[in-house]
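Residues per chain, in single letters:
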Amino acid sequence: GVAGQLPGDQWVLMEYHAINPTEHDLITEGYVNAVTAEPGTIEHYANGLYGNNPDLEIPPGQTRSFSRKCMVDVQMNVFVMGSHFHQLGTLFEIHRLDTDAERVEKVYESTTWESPELVYWSDDPLVIQVGEGFEYTCHYTNTTDQTVRFGPSALDEMCSMAAVYYPDAGFKLCIDHSG
């Protein structure tokens, strides 16, 4: 009963990273699967919540953690959540926050950067009230001899969380209250 909308003139941009550890050229592929819904079967339309922390700086040989808070301005039922970081990432955690921006519970954890799992709450979504949110934390160990910062290269790092929620109130970027 929940689905996203894709208007007829809508562009879809899929970005993904591929690391080729060999000396040979490789062809990589990525797929997006979309299916149509039967008329009358959709009870709620969904949209996305996205947070990104570009303030990363990991000195050579050091272990560092970086957190951001993601507070929401609409009530939402979160039913899918995932993460993204690169090869120096060792742990990605997401905690649910109350209206005082205090941690309530851990709702997501991933120790794999290559293909982090998505968490689904299809039958019992996380109900997030206005003013509540999430804190996402990325942990890194820099095993290189260079300072690593945020960036799109596989040699850079990222720290991004994403969630899917309903009812659709538009695509939401996190409101950061890390301050």
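Computed from a predicted structure; not experimentally measured.

The rules behind the values
- Residues numbered from 1 in each chain as written.
- Predicted model: local features only at pLDDT ≥ 70, side-chain atom pairs only at ≥ 80, totals over all residues.
- Heavy atoms only, no water.
- Helix = DSSP H or I, 4+ residues; strand = E, 2+ residues; numbered from the N terminus.
- Buried < 20%, exposed > 50% of the residue type's maximum accessible area, 1.4 Å probe, protein only.
- Contact = heavy atoms within 4.5 Å.
- Areas by Shrake-Rupley, 256 points an atom, 1.4 Å probe, with all protein chains shown as cover.
- Pairing = 2+ DSSP bridges.
- Core = buried A, V, L, I, M, F, W, Y, C linked by side-chain atoms within 4.5 Å.
- Disulfide = S-S within 2.5 Å.
- Polar contact = N/O pair within 3.5 Å; in protein donor to acceptor, adjacent residues only side chain to side chain.
- Salt bridge = Lys/Arg side-chain N within 4 Å of Asp/Glu carboxyl O.

Chemist: Before we go on, may I ask you to explain the overall build of the protein in this structure?
Modeler: When its secondary structure is counted, the protein shows zero helices and 14 strands. Secondary structure elements of the protein occur, N-terminal to C-terminal, as β-β-β-β-β-β-β-β-β-β-β-β-β-β. When its C-alpha atoms are laid out on the principal axes, the protein stretches across 55 × 45 × 25 Å. Scored against the burial criterion, the 179 residues of the protein give a buried share of 35%. Restricting the contact set of the protein to residue pairs at least 6 apart, pairs at least 24 apart contribute 78%. Counting only carbon and sulfur atoms, one obtains 49% of the accessible surface of the protein, whose full area is about 11200 Å².

Chemist: Got a minute to help me understand the pairing of strand β4 (residues 63-71) in this structure?
Modeler: Where a strand is regular, its side chains alternate between the two sheet faces. Sheet topology places β4 next to strand β10 (residues 133-141); nine bridges connect them, and they run antiparallel. Bridge assignment links F66 to a residue of β10, and that residue is C138.

Chemist: What is the right way to read the nonpolar core from this model?
Modeler: Burial of nonpolar side chains together is a common tendency in soluble globular proteins. The biggest cluster of nonpolar side chains holds 29 residues, and the ones touching the most others in it are V78, M81, F134 and M161. Every element with two or more residues in this core is listed here: β4, β5 (76-84), β6 (89-97), β7 (103-110), β9 (126-128), β10 and β12 (160-166). For this core, the element with the highest residue contribution is β10, accounting for four residues. Discounting chain neighbours no more than four positions away, the residues touching V78 are W121, P125, L126, I128, F134, A163, V164 and Y165.

Chemist: What is the right way to look at the state of the cysteines in this model?
Modeler: For the coordinates displayed, the defined rule picks out two disulfides. Covalent S-S linkage joins C70 and C174, the inter-sulfur distance amounting to 2.0 Å. With the S-S dihedral at roughly -75 degrees, the linkage between C70 and C174 falls on the left-handed side. Separated by 104 residues along the polypeptide, C70 in strand β4 and C174 in the loop between β13 (172-173) and β14 (175-176) bring together distant segments of the chain.

Chemist: How should I be thinking about the side chain of N53 in this particular structure?
Modeler: By the element assignment, N53 lies in the loop between β2 (44-52) and β3 (57-58). At a separation of 2.9 Å, a polar atom in the side chain of N53 contacts the main-chain amide nitrogen of D55. Excluding residues within four positions of it along the chain, N53 makes contact with F66, S67, R68, Y136, F150 and C159.

Chemist: Help me understand the sheet that holds β6, please; the structure alone is not making it clear to me.
Modeler: Within a sheet, each strand pairs with its neighbour through backbone hydrogen bonds, oriented either parallel or antiparallel. Strand order in the open sheet made by the five strands is β7-β6-β10-β4-β14, with antiparallel pairing throughout. Each end of this open sheet is capped by a strand with a single partner; those strands are β7 and β14. Pairing of β6 with β7, which is carried by six bridges, proceeds in the antiparallel orientation. Bridge pairing in β7 links E93 to E109.

Chemist: Is there a simple way to explain the pattern of salt bridges in this structure?
Modeler: Any two side chains of opposite charge can pair if their charged atoms end up close together. If you walk through the whole model with that rule in mind, you get eight salt bridges. Where K172 meets D73, a salt bridge forms, and the shortest distance between an N and an O atom there is 3.1 Å. One end of the pair, K172, is in strand β13; the other, D73, is in the loop between β4 and β5, and 99 residues separate them in sequence. K172 gets classed as buried once you look at its relative accessible area, which sits at 16%. Linked by salt bridges that have partners in common, E93, K106 and E109 make up one network.

Chemist: I keep staring at the environment of R64 and nothing clicks. Help me out?
Modeler: For R64, the position within the fold is in strand β4. Sequence spacing of R64 and Y140 is 76 residues, and the spatial spacing of their C-alpha atoms is 5.4 Å. In contact with R64, not counting residues within four places along its chain, are E57, I58, P59, C138, H139 and Y140. Looking at R64, its side chain comes within polar contact range of the side chain of Q62, at 3.3 Å.

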